[in-house]
Structures are given as structure tokens and as C-alpha cells.
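Close look at the chain arrangement
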Amino acid sequence: MNFKKLLNKRTNCYMAIVLLLCLLTSNKASAQDLTVEGVVKDASGLTLPGVNVVEKGAKNGVATDFDGKYKIKLSNSKAALEFSFIGFTTQVVAVDGKKTINIVLAEEANSLNEVVVVGYGTVKKSDLTGAVSTISGSTLSKIPVASVGEALTGRLAGVNVTSSEGSPDSEIKIRIRGGGSITQDASPLYIVDGFPVNSLSDISSSDIENMTVLKDASSTAIYGSRGANGVIIVTTKKGKDGKMQVNFNSFYGMKRMVNQIDVLSPEDFVNWQYEYALLGKGNTESYEQYFGNWQDRDLYNGVKANNWQKQIYGRTGDVKSYDLGVRGGSEKINYNFNYARYDDKAIMIGSDYVRNNLSMALNNKASDKIDLSFTVRYSDTEINGGGANVQGENAQDSRLRHVVGYSPIPMPGLTTDNTDEAVSSYLVNPFVAVADTDRLQKRKNFNMLGSFSWKLIDNLQFKSEFGLDNYAYLDYRFYGRSTFYARNNPLPENIGAPSLLVTDRKDVRFRNANTLNYDFKKLIGENHSLKVLVGEEMIDYTRNDMSSTIEGYPSFFDLDQSIKLTSQGSPRIVDNFYYPDDKLLSFFGRVNYDYKDRYLFTATYRADGSSKFLGNNKWGFFPAAAVAWKISEESFLKDVSWINSLKVRLSYGEAGNNNIPTGQTAQTYQASNSTWINGQGNYWAPTSVLANPDLKWETTVTQNLGLDFDLFKGRINGSFEVYKNLTKDLLMNFPVTGTGYSTQYRNMGETQNTGFEASVNISAIEKKDYGLNFSFNIGVNKNRINSLGSMSDFGVATNWASTAISTDYLVNVGSPIGLMYGYKSDGRYEVSDFDYASGKYTLKAGVADASTVVGAVQPGYMKLKDLNGDNLVNEKDQDVIGNANPDFTGGFVLNANAYGFDLSAAFNFSVGNDVYNANKIEFTTSSPTGQYRNLSSEMAQGKRWTNVDPNSGQLVTDPAALTALNENTTMWSPYMKNYVFSDWAVEDGSFLRLNTLTLGYTTPEALVSRLGVSKLRFYLTGTNVFLLTKYSGPDPEVSTRRATPLTPGVDYSAYPRSRQLVFGLNLNF
Amino acid sequence: MKHKIIIAGLVLAGLFSSCSEDYLDAPAQSTLDEASIFSSPELARDVVNGIKITFGDTNSYRGRFLPFYGLNTDTEWYNSGETTSNDKPDLANYSATSTNSNMNLAETASGGGGQYWTSMYRGIERANKCIAGLRTYGNPVAGSELGNLLGQALTLRAIFYADLIKSHGDVPARFEPITTQSLYLPRSNRDVIYKQIIKDLGEAATLVPWPNETTASSSVEEINKAFIKAFRARLAMAASGYQQYADGVRRSDDPELSVANMYTLALKEAREVIQSGKASLNPSFETFWRNVNKEVLTAGGESLWEIPFASGRGKMLISFAVVHDAIDQYQTAANGIGGSAGPLPTVFYDYDQADLRRDVTCVPYVYGKAVQVNGKPVAKQELGIMNKWYFGKYRFEWMNRIVSNKDDDGVNKVYMRYAELLLIAAEAANELEGPSAAAPYLKEVRKRAFAPADQAIKVDAYVNALTDKTAMFKAIVNENKYELTGEMERKQSLIRWNLLKTNLDEAKAKMFNLQQRTGEYTTVPVDVYYKYAADNETLITYGLNRGENLNPGSSYTLLVDDKGVSSWNSLKDDKINSIYKVGVNPDTHQYWPIWQVLVAASNGQLDNNWYK
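Summarised in this report is the structure supplied together with it. Counting starts from 1 at the beginning of each chain's written sequence and moves along it residue by residue. Working convention: letters from A go to chains and numbers from 1 go to ligands, in the order in which they are written. Thresholds applied to this predicted model are a pLDDT of at least 70 for local features of residues and 80 or more for the giving and counting of side-chain atom pairs; totals over whole chains, interfaces and linings are not thresholded and use all residues. Just so you know, side-chain values use all the structure's heavy atoms and leave hydrogens and water out.

**Considerations on helix H7 (residues 145–168) of chain B**
Stated precisely, the cut-off is as follows: Helix and strand assignments come from DSSP, with helices taken as H or I runs of at least 4 residues and strands as E runs of at least 2, each series counted from the N terminus. The span one expects for a helix is its residue count, reduced by one, times 1.5 Å. For the exposure calls, accessible area comes from a 1.4 Å probe over protein chains only, and a residue counts as buried if that area is under 20% of its type's maximum, exposed if over 50%, partly exposed in between.
Its 24 residues place the ends of H7(B) 34 Å apart at the C-alpha level, agreeing with the 34 Å of an ideal helix rising 1.5 Å per residue. Of all 24 residues that make up H7(B), 23 are buried, and the element is covered over most of its length.

**Looking at the side chain of A:Asn658**
Rules: For this analysis, a polar contact is any N or O atom pair within 3.5 Å, provided that within protein one partner can donate a hydrogen and the other can accept it, and provided that sequence-adjacent residues contribute only side-chain to side-chain pairs.
Relative to the assigned elements, A:Asn658 resides in the loop between strand E30 (643–657) and strand E31 (669–673). In this structure the side chain of A:Asn658 is engaged in a polar contact, spanning 3.1 Å, whose partner is the side chain of A:Ser610.

**Description of the pattern of salt bridges**
Residues and elements named next belong to chain A. The line we're drawing: Salt bridge, as used here, is a side-chain nitrogen of Lys or Arg placed within 4 Å of a carboxyl oxygen of Asp or Glu.
For the structure on display, the rule yields 78 salt bridges over all chains. Glutamate 37 is the partner of lysine 71 in a salt bridge, and the nearest nitrogen-oxygen pair spans 3.8 Å. Note that lysine 71 is positioned in strand E4 (residues 69–73) and glutamate 37 in strand E1 (residues 35–42), a separation of 34 residues in sequence. Judged by its relative accessible area of 31%, lysine 71 is partly exposed. The exposure class assigned to glutamate 37 is partly exposed, which follows from its relative accessible area of 22%.

**Description of the sheet that holds strand E14 (residues 195–197) of chain A**
All names here are of chain A. Definition in use: For two strands to pair, DSSP has to find at least two bridges joining them. The axes are straight lines fitted to the C-alpha atoms, using for helices just the contacting stretch, and the angles between their N-to-C directions are given from 0 to 180°.
The sheet built from five strands is open, its strands ordered E10-E15-E16-E13-E14 with mixed pairing. Only two strands of the sheet have a single partner each, and these edge strands are strand E10 (132–136) and E14. Looking at each pair of strands side by side, their axes are set apart by 25° on average, direction ignored. As judged from the six bridges shared by strand E15 (residues 208–214) and strand E16 (residues 231–236), these two strands associate in the antiparallel manner. Opposite asparagine 210, over in E16, you have threonine 235 as the bridge partner.

**Side note on the sheet that holds E4(A)**
Residues and elements named next belong to chain A. Taken in spatial order, the three strands make up an open sheet running E4-E1-E7, and their pairing is mixed. Edge positions in the sheet fall to E4 and strand E7 (103–105), since each of these pairs with one other strand and no more. Within the sheet, the average angular offset between the axes of one strand and its neighbour, ignoring direction, is 30°. Of the pairings in the sheet, the one linking E1 to E4 comprises five bridges and is antiparallel in character. Bridge pairing in E4 links valine 36 to isoleucine 72.

**Structural notes on unusual backbone geometry**
With an omega of -15°, the peptide bond between B:Leu71 and B:Asn72 qualifies as cis. Backbone geometry places A:Asp729, a non-glycine residue, at a positive phi of 50°. You can see A:Asp729 is positioned in the loop between strand E35 (716–728) and strand E36 (731–735). Judged by relative accessible area, A:Asp729 falls into the partly exposed class, the value being 25%. A positive phi angle, near 70°, is found at A:Asn871, a position not held by glycine. Relative to the helices and strands, A:Asn871 resides in the loop between strand E46 (862–864) and strand E47 (879–883). The exposure class of A:Asn871 is partly exposed, given its relative accessible area of 31%.

**Structural notes on the packing of helix H16 (residues 435–447) of chain B against helix H17 (residues 452–464) of chain B**
Residues and elements named next belong to chain B. Spelled out, the test is: Convention used here: angles under 35 degrees read as roughly parallel, angles over 145 as roughly antiparallel, angles from 65 to 115 as roughly perpendicular, and any remaining angle as oblique. Should the near helix be turned anticlockwise from the far one by less than a right angle, the crossing is left-handed, and should it be turned clockwise, the crossing is right-handed. Working rule for contacts: check all heavy atoms of both residues, and any pair within 4.5 Å makes them a contact. Residues are grouped as follows: Ala, Val, Leu, Ile, Met, Phe, Trp, Tyr, Cys and Pro are nonpolar; Asp, Glu, Lys and Arg are charged; every other residue, Gly included, is polar.
As a packed pair, H16 and H17 sit with axes 10 Å apart at the nearest point and diverge in direction by 160°. Compared by their axis directions, H16 and H17 come out roughly antiparallel. When you trace H16 past H17, the crossing you get is right-handed. Residues Ala439, Leu442, Lys443, Arg446 and Lys447 of H16 form the contact with H17, whose own contacting residues are Gln455, Lys458, Val459, Asp460, Tyr462, Val463 and Asn464. Looking at the contact of H16 with H17 residue by residue, the classes come out as five nonpolar, two polar and five charged.

**A word on helix H3 (residues 41–53) of chain B**
Helical periodicity: at 3.6 residues per turn, an α-helix aligns residues three or four positions apart in one direction. Between the first and last C-alpha of H3(B) there are 18 Å, a value that for 13 residues agrees with the 18 Å anticipated at 1.5 Å per step. For H3(B), a buried count of 10 out of 13 residues is recorded, marking the element as mostly surrounded by other parts of the structure. When H3(B) is considered as a whole, its buried residues turn out to be B:Ala44, B:Arg45, B:Asp46, B:Val47, B:Val48, B:Asn49, B:Gly50, B:Ile51, B:Lys52 and B:Ile53. Those residues of H3(B) that are buried are in contact with E31 and strand E32 (682–686) of chain A together with helix H2 (34–39), helix H6 (116–137) and H7 of chain B.

**Description of the packing of aromatic side chains**
The way to describe two aromatic rings as a pair is by their centre distance and the angle between their planes. For clarity, the cut-off: Two aromatic rings from Phe, Tyr or Trp, using only the six-membered ring of Trp, form a pair when their centres are within 6.5 Å; if the ring planes differ by under 30 degrees the pair is stacked, by over 60 it is edge-to-face, and anything between is tilted. Over a ring means this: the NZ of a Lys or the CZ of an Arg is within 6 Å of the ring centre and within 35 degrees of the ring normal.
Applying the stated criterion across every chain, the model contains 80 aromatic pairs over all chains. Taking the centre distance of 5.1 Å and the plane angle of 80° together, the rings of A:Trp308 and A:Tyr406 count as edge-to-face. In this pair, A:Trp308 sits in helix H7 (residues 308–313) while A:Tyr406 sits in the loop between helix H8 (399–405) and helix H9 (421–424), placing the two residues 98 residues apart along the sequence. A centroid spacing of 5.4 Å and a plane angle of 65° characterise the contact between A:Phe556 and A:Phe557, whose relative ring orientation is edge-to-face. What makes A:Phe556 exposed here is its relative accessible area of 58%. Classification of A:Phe557 by relative accessible area gives buried; the value is 7%. Connected via pairs of aromatic rings, a cluster forms that spans B:Phe55, B:Tyr61, B:Phe65, B:Tyr69, B:Tyr116, B:Phe160, B:Phe227, B:Phe231, B:Trp305, B:Tyr415, B:Trp592 and B:Trp595. Here the basic side chain of B:Arg190 rests over the ring of B:Tyr245, its NZ or CZ set 4.2 Å away from the ring centre. Seen from the ring of A:Trp676, B:Arg313 lies directly overhead, with NZ or CZ sitting 4.0 Å from the centre.

**What to know about the interface of chain A and chain B**
Filter applied, for reference: By buried area we mean how much accessible surface two parts lose on assembly, using a 1.4 Å probe and totalling the loss over both.
In this assembly, 87 residues from chain A lie in contact with 81 residues from chain B. Taken together, the two surfaces of chain A and chain B that pack against each other cover about 7100 Å², and 60% of this comes from carbon and sulfur. Remark: the boundary between chain A and chain B carries two salt bridges. B:Asp25 is the partner of A:Lys618 in a salt bridge, and the nearest nitrogen-oxygen pair spans 2.7 Å. For the pair chain A and chain B, the interface holds 19 residue pairs in polar contact (both at pLDDT 80 or more). Of the residues forming the side of chain A that touches chain B, the biggest block, six residues, is contributed by helix H1 (residues 3–25) of chain A.

**Some details on the side chain of A:Thr665**
Residues and elements named next belong to chain A. Summarising the element assignment, threonine 665 is placed in the loop between E30 and E31. What makes threonine 665 buried here is its relative accessible area of 13%. For threonine 665, the residues in contact, after removing those within four places along its chain, are Lys612, Phe613, Leu614, Ala691, Asn692, Pro693 and Leu695.

**Re a nonpolar patch on the surface**
Residues and elements named next belong to chain A. What counts is decided by this rule: Candidates for patches are residues over 30% relative accessible area with no salt bridge; among them, like charges are joined within 9 Å and nonpolar side chains (Val, Leu, Ile, Met, Phe, Trp, Tyr) within 5 Å. What sets the accessible areas is the Shrake-Rupley method with a 1.4 Å probe; for residues, cover comes only from the shown protein chains.
Residues Phe901, Leu903, Leu997, Leu999, Phe1018, Leu1020, Leu1061 and Phe1063 make up a contiguous nonpolar surface patch of roughly 700 Å² in combined accessible area. Inspection of the secondary structure assignment puts phenylalanine 1063 in strand E55 (residues 1058–1068). You can call phenylalanine 1063 partly exposed: its relative accessible area is 46%.

Set out below in C-alpha cells:
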């Protein structure tokens, strides 16, 4: 699209919104004489849509609208009104000449009447035919964490939430039923008030009314194109009729690092340096240079060590959160205003996170046929600090490696606070490493939504929605002198000087959807119910990235100075890149039919056209259907008193995925700049990704069988689901290395996820003053690659160790994604494995030789298993040694309340997944380039193999003496030619975490109502309270190599997790 | 009122429900179409720049091909060949496996990583697109800038292919931009590729100016006609030479690539360059190499073309230079850089003692530990041991710049020089026309290698005595050693002469002789003495040359180790045997295997089945 067209569209949209605003403010409606109106609510104050309101003894009747409002013309003023609604006790009220009757219906103890938000509409929970989970905003707001996504941890069956590490803005990975794609993003589609967004991280949980997770294709197919990996629908709070309500919530919390990696003590560090010098350099010169004579080593005994991890990650973080909500309104117009601020000072130096959210919603009932609504949301996030690990960075710049490996004691010449060491030393001071990879990110999101709904005739509703989303992301990335970037990327004259990369990204998204709803209920008789929805939707998404590179700053500059004094560096690249537009045009329809409220049927169909594909491939067609049988409505169960509801659901459907970057169908030339070749730095070259004009939609076929139950008057309810998701024509960014390009997007192969989910809620005790309930969910998912199309199995490298370890993950047909590939550990080579003659150890015949992997073997070297029996350990002896997929995951929540006190404990767990503990490899290995680095205490003296006689300081070669020396040691020698990935570093990552534990107290109403306060609650919440695991690293819930989804579960230089204690209050008045 | 709202609502809804099919077209924006790019010389030049960038990719020519290809020969070897702590020696000792950890590197999605193969094929694809684009949208005739650019692109593509063939034998042939159908290709017969690139260079030579004919061609970093012709001559010799095919070592059986055809072509191209006067030998061998390190880029001299590394990219000196043990007055990059390969110890003794090229080529010392002088680290030359020599053609101490980056020095790779062209002319002329036709070229090469006083005997008499073809050929083979050691050109020459194993075996035998001081080495001294020149940096030695067996007196110090024992004479069996892996026949391992990541990504099209 050209710029002019875009401009026009933008202008149109603003006009539309202004117009809507005008409409909202100017209207009147007339009431007739014998008319009664009012609002129907439930006990909690939520409005009830769909309540039947009938004049008793007469034929006229209406139903309440979406906001629970009704208006009925009466035949006489002495009539009585009957309010009935499934799941609620029917109420009869005499009119007695009143014009307004507001009713609160009492609930039959039963949760089936909840209205659930589904795609483009709502449905009663009891009428659901698809696999859907919900969570309410009030539950979410009780979990004091920064991100809404994180708050979902362990709450919903089949929804696997993992925060990749402990940083405040850490990527939250949400996978619904395992996710289908292999190399593409398997994140679900996030819909906020109908509008698709990239992530949930910019939404405040206090602003959320409820969230719905659509899991099977019968419910996601209405989102057609993008529903293949599940859909999460967020509905934000709307205005509410009635008296103004004010909510104020606030909490303050403190947090500390939980676990760290133990390192060698100073004397042990010095001992190891001596041994390293002897083994690695053959003499002690490099030792004596810094540590003095070996004979004087007792100098270091008892020297206090610098705990670098504590200094970098050890500060006490604090969290402050405030939110204020105001809602209220009249029948004609209601409003909701919400402001939230979240301020998180994290445990790592220089790391913090501040977010402000502001939202406003207005609803106006212009007439009894017309509803207008307008919502504005604004969020503003600022993140300071580079974190511990940035995807796409060189592993050499990972912060944790410096924090663990740095010398624990100051050694003149080796360690220094002077930043000059950045270019002269082996070691990078952890403070320098942190400052040199500093970063500032600012995100701003401005979202405007308007909708217009018109009841054309009885039962026919037209709705038009508009939305405009402005997203701005400013990223300042600083590379100080010690970074790989500074040594390699800048112009020759600026090599080694600080650089700043600035990316200013602007996204604009516009959406319009028009739907027609028709309810046939009056036309086809008592026993039948038929509802039809048809609709049309378009989304236009534009993106523009402005990236600038400034290098050659003065050597002492830090991030702040680089940002503010850009003229002190020399600008090298300014790249203003306009992405191709991402446009979507869709038509869809849905039919809901039920017979006698017993047999339910839903069918949806959607056609999606995407600008990411060409020609006939543009359009994808996604049908789905589901049936449900409410067994409990049958006569044979109707009278069974302990069964409230029992429903079986069966669904089948297709959903699509086009989640690839735009512009993959045509090879284009891109202008870039390089410093590698003399002469002009500018160059034109095709992109490294090869275009593919034949790309088409990826399709997921879902089959789901579910059982919903509600027993003992709602005391026990829940659901079971089994499913099979088959994803075909997988969109993969496929490696085509060696051809001239690195990858190409293709449709190939097939994966499947099969699984089982259960969620059960038990209300054990429900009394006026005390209660106890318990909810539990579990998900079992089996992932399998059915086919890779024309390709054979392939391996993937995480590259955490740069090039020292190549393929360490496998993608094999017939196996799941996430198989770890490496050697099998066989302990170490003992003296007895060798023949000794004239000072030389030669391996005995029959002992496998691992020299090509660990270096020319000697006693004490790491030993690996020879799998193919050729007596040689080489790359052919690698095998699958781990699987990152859990057997099952889930969570349980315990809620108890008594006399104003409430207690809630939320656990989550994962069983059977393996973690690739790369830290353990790195910090137990001293490679030839790793001199002067500290090791983890796994390699402490007495545990590690040693070759040095502690008395003479000489290398021991005599077999008997060497055996005696290492009699009590168990580990191999840390001195190795490079890092080796063996099953020793693969650990069981099963865990049970008490994620949050909350104790609250609500002051008695009598006490506070005199102050005009309707509710006052104080609470104390601990997060990450305890963790049960056998995993030896800091935390098993970790995944730090995320450049592709093919390498899950690697623990390398993760930002340590914290434990947090929060004190907060909820105030309503 | 109500109607107003409804109408307004409908109008709004109508405004945006555009259903036309072209709504879904979303063309790329931050780009230009090929028609615009290739009709504009300014933009097309940037496309050619894009081809050259691939030389500088991390693991391309910069980090892998130049540091490793060309070892080991009877003159050059990997200096840590006896090490078992890593698999780098395998790349040099004819035993590389496809999973060699230095080469079997995965490429990242953004095009980083990989190895020279991925970079070369990226360069080839860029060249293919450039050539096709120029032919379609430009008017690339001789004398025009677009014509010049077409010639450059053709030549760059030929360079990538020539280097792929010499390291792998048969490789996939891609001369058109990739389509989905041509994405995966098997190895192609290298004869097909040789014929194509020889033809391409023929065309390129008509399009590209002679050195200094245009402003751009006044730099050796710009491809010029003299280079194209010389390079074509080199390829002609290689294409018709012996090499390992699947069925063994033989010459090509393609009649077009016969010795008669190819030598004729090589001689013709060489003579055209020689007669053009557009290139010439530098009068001093040493000055030439000093200038290379000084980064003198003037075209029209001895250097025909250089890989144009920017000053922050390229590892020629970091890899091969005379070692600097510490940061000192000549470099502030790192401790212990340079010297990964060096000349065999025998090379020094193969030279005529009067040959001026010997001390430029073979260096027995390193720059040692630095001491602080006026607050700055200063090091001086220190003798090492006999089994470790360094290529003196690459010296930080000859540079104008101080290298401060431990990964890159930025000195260009001299891709071809005039002396090699003279030797090709001599070899082809000898074969086609006899020794007397070859003699002038050989004399020209030798003449600047000797002081004027020595020339009568060492040049004229020496060459005049070569009266039969075989003697002349042998002399050319030797001259190639004297002239080109350290430039990694010898491996391909030994292969095409079918002398690879023969000469490696001979070199091994000679080293054992040297170790034992038998045969031709009986007069080589065991002890070496040294003192420093007035600058207190330059080493003066006694005992390196044959016959320096007396004690030179008290002004000299005997080179000893830390136990006080004379230490120069160290040449161990395992080091000698590392010239090629014991039990491996170099003639069946003339090429590296295709690295496993590439085989794995080839969809079954590539294999190393013929590589035993």
C-alpha cells in the first residue's frame, strides 16, 4: 500500500472515532406510560443478560440485553413481573405502578450459568460445545505479579505458562496444548476486546474483567486464520450501571535472589590456577605472574571471597503497585476508568521495570435499539537493564558467565575496577559486563475501540466495531568496550569503542468487523433454538522500524551518556525500514442450534485472505463443528439429585496459522552497510531468507472429546478433555544452508499433539462464615513430529558455547520436539585404564578412546561411553540423552476463608521434563582459553581429579601415587580441550512450586461502612515460596536459548529467580 | 436522532468493508526492483560490493578458508601439527573428517555462522543474480561502467568456484539464480565448472580495464584485466592438471581441458599480460612484501589483485605473521598472535644462501616477552627452536598501523602476483615450445632474487644449463617453492603436477635427515649463537647457515633453554610425522570432505562417498 492510501485510512479511522464520540454524547429517548424497565443482576452485582421477563398472566415478555437491562410494556399497571433464568431462582415482583424495577436474582448453587465470552459473542457456560477455560479478573488481580500471562501459571488445564527466566520483563511463553508449529511461533492468538495484540505484557490485570481460553478448533475456528495455536480472549472492564464504585488496590513487596551457583573458595581457586598452569602451559609462569610462588600459597588461606553473584543479583528488589478503578453510570450511559502503576526494582543491579496503564470505557444506550461503546487504553512501559541473557546476542556476552567465572579475589593485573581491563584482560569484571550490555526499552501502546450495535428488527442485531492500535517501541542497546559486538562490528577506527543501537519501531493496526446476529427462537417452535451469526472483518497492520547505529563513543561513556550525547559518537547506519503491510480480510459465520436444550450443535465457517500469500494461496477456509449432549437433561437423570449437570462434547475443526514475517513470497534486494570490505560500505544484497512464492496457510485439525460435570449442587465440578491436534503444511523457517541462503519459509511436514486434560473444583466446606475449596488441573500432552515433508531428520545447535558444541538438539520424525543429543557419560578415565611405560600413559586395549572429544586422554579425563562398539568415542557415539517435554504439568489452588480471613495457596508442577544444565558444563570446564576463570564448587578440591602433589607442587606421573592421590575424588579433571555435552548435564527438571501463598483479612463491614467504605481487605502474599526439585541448578523452570522453538529447556546464564513477599490492601468505596 | 446514528453507523461500516481483491496485495516497501538497481551504475556497484562482503564473513575467507587452506605441503605446514588437543591439525594433515569442529559449523537464520562454503555460495548467488540482472536490465558493454561491473561479478564468481573446486573437487554448479527447483543440487563434474568459469573470465577480460586505465582500477583491490588474464591462466593449468577424481588421480578426460588446449590458453593469456606492460615485478622481493604489510594498494605492479579486507577485518597476520608473544611496540591486540603455520625447517636450507628471498620467507625468531621502556611495552626478536619457523612475508613490524584487535588485522590477502604468472608462462612455454622458450621467464623471476654480483652464475648460468624439458620443469617446481612459500599456492600446484605424496614423502625424509644431520644436512650446525644489533631489537645469529660450526666468540651468546642446555636443535619425530597423518594417503585425500552440516542440509544430494 502506498503512503497516501495509508494516510487516508488513518484519517478515516480518526474521523470515525470522533463521530462515535459525538454520537455518544447527544441523544435522548422517550419512555411510554405503561412501561417498566430495570436491570437484572446476580448477587455479586454482575448484570445478567438473557433473563426472561414476563408479565404474569399475559403473553408479552422480553429478555434482558447484554447489560442485563430490560424494558417491558405492560397491559395493566397492576400486573406482576416474573423473572426467570436458568440456574437462578425465579422471582415474581408486583409492579404497583413503579417505573423502574431492578432485581437481584439469587443463584441456584451452580456455576453453569456463567456467561462465557467466545469469538464474536458470548454463550452460557452450560451451552458450550467446545473446549474452553475461563479465569476471572478478580482471580487474576489477587496474584501480585507484573504480567497477566505469568498470573495464569498453573491455573488452567492445558495452558502451559513458563516464564523463561527471572527478569521482570522476561518472556512469558504460553502454549495451549503444546502448540503445533515446529519452527514458527506457537504462541496463541491474543484478542483484547476483539482486537488482536502481540502479547499480554502491556495489560494491567486490574483492568481485566475476564479471560477465556479457546482450546479446540470448534471454538477457535471462528478466528480461522490465526486460531491454530489456541486463542486467549481478554475482555476489559466496562462501565456498570448504578452508584459510582471506587476500587483502590495497592501492594508493596520485597524480593531476594533464591539460589546461586556455588563457586570455589579463594584458596581452592588459587590451587586450581596452579594446576591449570601446569597442565595447560606446562610451566608455572602464568601462575606466578599473578599469584606469586606456589610455596607462598597459604597467603590465600582464609581470604574473604567476593561473591560476585550476590553483588550483581543480590540486591533487595522492591515492587510497588497501585491501581484505581472508578465505575458507575446511569441506564443511558456508564463508564469505567482505570489507572494502574507497577514499579518493579529487580534484584539485578541496573534492572527495573515501570508500567503505567490508563483506560477508559464509555457505553451509551442511544435508544432501545442502539448501543454505542467507546474504549481507550494507554500503556507505557519502561524497562531498564540488559537482563542476563539476550536472544541473538553472542554467548560470550552472557552476564552470568562473568559473574560466576570472575576471580573471587582481587589480583593486581588480572582483576581491576578500571574499565581499561575491558580490552586487556581475559576476565571481564562483572560490573563492567553488566554496564557494557546495558539497555533501555520504552513501549507505548495506545488503543482506541469503538462499536455500534443496532437492533434492526426483533432478534436481529447488527454490530460494527472499529479499532485503532498504535504501538511504539524504542530500544536503546548499548555495547560497551568489553562486548563481542564492540570488538567485531564497528568500523575499524571504532573497534573497541562503545556503540549504541537505537531501534524505533512504530506499528499501526486498524481493524473493522461487522456482524449480524439472528435468533430464530420464535420462529421454529418451543423445542428448537437456532442462532446464526455472519460477519466480515478486516485488519490492516503496518510496521516501520527506524534503526540507527552510532559507534565510536568516548571509552568511558555509559548507556545514559550515549543516549543523550549522540553527537559524541559517529553515526554509521540509519535504516528506515518499512515492512510490507500485513492485511487480513475475512468472512465468517456461525450456527448454534439446540433441541430441547439437550442436544447442542455448533458449526462455524471462516474464510481468511492474507496478504502474506500469493494468488490462490491467499485464501484459507476453516470449517468446524461440534455437538454436545446434556445427559443430565434426559429424563433418566433428571431426578438424580446429586447430578446437577453432565455434558458430553465432541468437536472437530480446522484452524489456520499464518504467523510468519511479511514479505516472504518475493525475493527482494535490501540495502545494508558493512565494515568488512575496503571501499564503499553500502551494499545491496538479497535477504538471507530465500523467498517462496508457493507459501500457503498452515492448518491444524483438532478433534476434542470433553465431559463437563457438576455434582452435589455444584460442590464438585470440572471437566475432562481428550484431544488430538494434527498440524499439517507446517510453516517452517527451514535451513537451506550451503545454497546461498540460510533459510526459507516452507509448508512442510506434520506434527501432532495428543493429550488429556482434567480440571476439578471442589467446594469442601461452604458455610456463612467459613469455607474451603480446592481446584486442581492437570494436562498431559504428547508431541510427535509425523513428517518433515521432503526433508530428513536434522539437528539444531543452541550455540551457547559458541562453536564448541555443535548439534545438541534433534528434530526427528516420530519423536517430539526438544530431544537433547549428546554423549553418555562414563565417569572418568582411571589410572587402571592405562598402561604406564617410561612416563607415558597409553590406553589399554579394549578401553574406548575419547581423545577426539575430550582431548588426548590421560588418567582423570572425562570418560564417555562408546555406543557403537568401535572402541573409539567420536561424534558417532552421540545419542538422545534428554527430552525437554514434561510428562504432565498442572497446578492446584487451595482457598480457605473463615471469619474475614482468607488463605490461598497456588501450586504449579511439572513432571518428567529434562533440563540441559549448560551452566554446569561451563563452570566445571577449564578450556585452553579459560585460564584464570573460577569454577563451580562441583569441581572443588577433594571432588575433582588432581595431578598435582600437594606437598611438592609437582605433577604426579607415577601410577600408584596418582591413584592414591585421587582415591577420594569423584569428578574428572576440569582441564579439557573444550566443552562436552553429556547426559551428566541433563537433569530431571520435575518440580513442585508453591507459586503464591496469600493470607488476607477483610475488616467487618460494620466497622468500615461508617467511613463510607464498602470493603477493606489487607493481605500478605509470598511468591515462589518454595520449590521441590532434584535439579541441581538454580531453578528448573528455565529456557534461555529461544532463538528457535526447537531448543527448549536450556539453562545457560539465566536471570536468577527471586522470592517475593508482598503486603497489599484492597479498598472499595 | 436515531436515524442519524444509524446512518452514520452504516456509513462508517461501509467505509471500511472494502472487499476488493487487490486489498490483499502488500508489496515490499523498503527495497528497489531489479530494473532500477541494474540500470544504474551507482546502485549496481553496491550489488557488486554485496558479493565482496562475503569474503569478510566471520567464518569465510577471513576466518576459515585463508587460515586453513593450502597446508601441508613440502614447504608449508601447520605449526602445531603434533597437537592432539584439538582437530585443527586434521585440516592440514590430510585426515579431516566431515565433522571437523572448525568447519562443521551451523549457519544461523540471519546468515551468520556457517563456514567458507556457505559464504562462497552466498557470494555465488549474489553474483548470479547480479550477472542475470545486469544482462536483463542494464547494457553491460565493454567500456561502460555496467560492463565493468559485469566483468567484476563474473570474476568474483569464478574466484569462489576456483576455491571451492580446489578444496572439494566436485561441487554443485550454480550459474543461475536459485529457484525452488534448483535449491538442492548434487556435486557437479568440476570439468563443467572449470569450462564455465574459464569462459566467463574470457568474457570478463573484454569488459574490465587494465590497471590504471580508470580511476577505480588504480587500486589492487579492484579487479583489472591483468588479474583476470593471469587468473585464467592459473585456472587453465589447474583444469588440465592431475587431480583426484572419484576413480583416482588423473588428468581431466574432457578434450576441451586437454593439456594442449589449456597450456596454450594459459601461455596466451600470460604473454598478453607480460606484453601489455601493465604489470611488473617489484625490483625488490623484500620491498614488495613490506608494501603488502604497509597496505600499499597501487595497481600496475606485482600484486595483481588482493582480497580487499577493510582494516578491521581479515586474519592474514593474526594467523600467519611472525609471532608476537606479548603486546609490544608493534601490536596491542593480544599476547601470542601469529605463527599458526610456517615454513618447514628444510626450506631454509633448500634456498641458495645468496637467495635474497630466503630471509624474507623464513623467520626463526619471535618477538618475545615485552619489557617496559618509558612506560611502553617493548619486545625484541628471540630465537625459538628449529622445528618452528614463521612466514616472514607477514610481519606486524612492517605495518604502518598498530593492530589493536585480537581477531582481525585487516591486511589484504594477495590473491595473485606477477611472479606466479611468470612461472606459469615458463611452465606452459616449456611444455609447448621447449626450455628455451621458458628460460626468459624463469630468468626474470630469479634475477631479482639475487644481488647483481651473483646473477651471472645464479641466474644466467643456472637457467642456461636447463636444456631439456624435464630439467626445466624441475627447476620451475623448485622456483615455485622459493618464490611462493607462505602464500598457500603450492598445494594446488603439487596436486596438478601429481607430486603431492611424492614431495611430502621427500620432505619428510629430508626432515629426518636434518634431524640426524645426514645427507644434505651434514654441515648444518647444532648450536646457534646470537647477539643484538645496535637497535637492541634485531637479532644477529651465527649457526643457522651450513658450515657455521665454530664458536663465534664472546660477543655472541649460545641459545640455551632454562636448564642451560643448547636448545635450538629440536626436531621431534611426532612433529616430522605430522606433515601428513601416518596411515593416510594424501593422494586419496587431496580434498576436504563436504562438511557434515552441509551434507545434512542438502536433502540427500551431497555426500562424501568417494572420499575414503
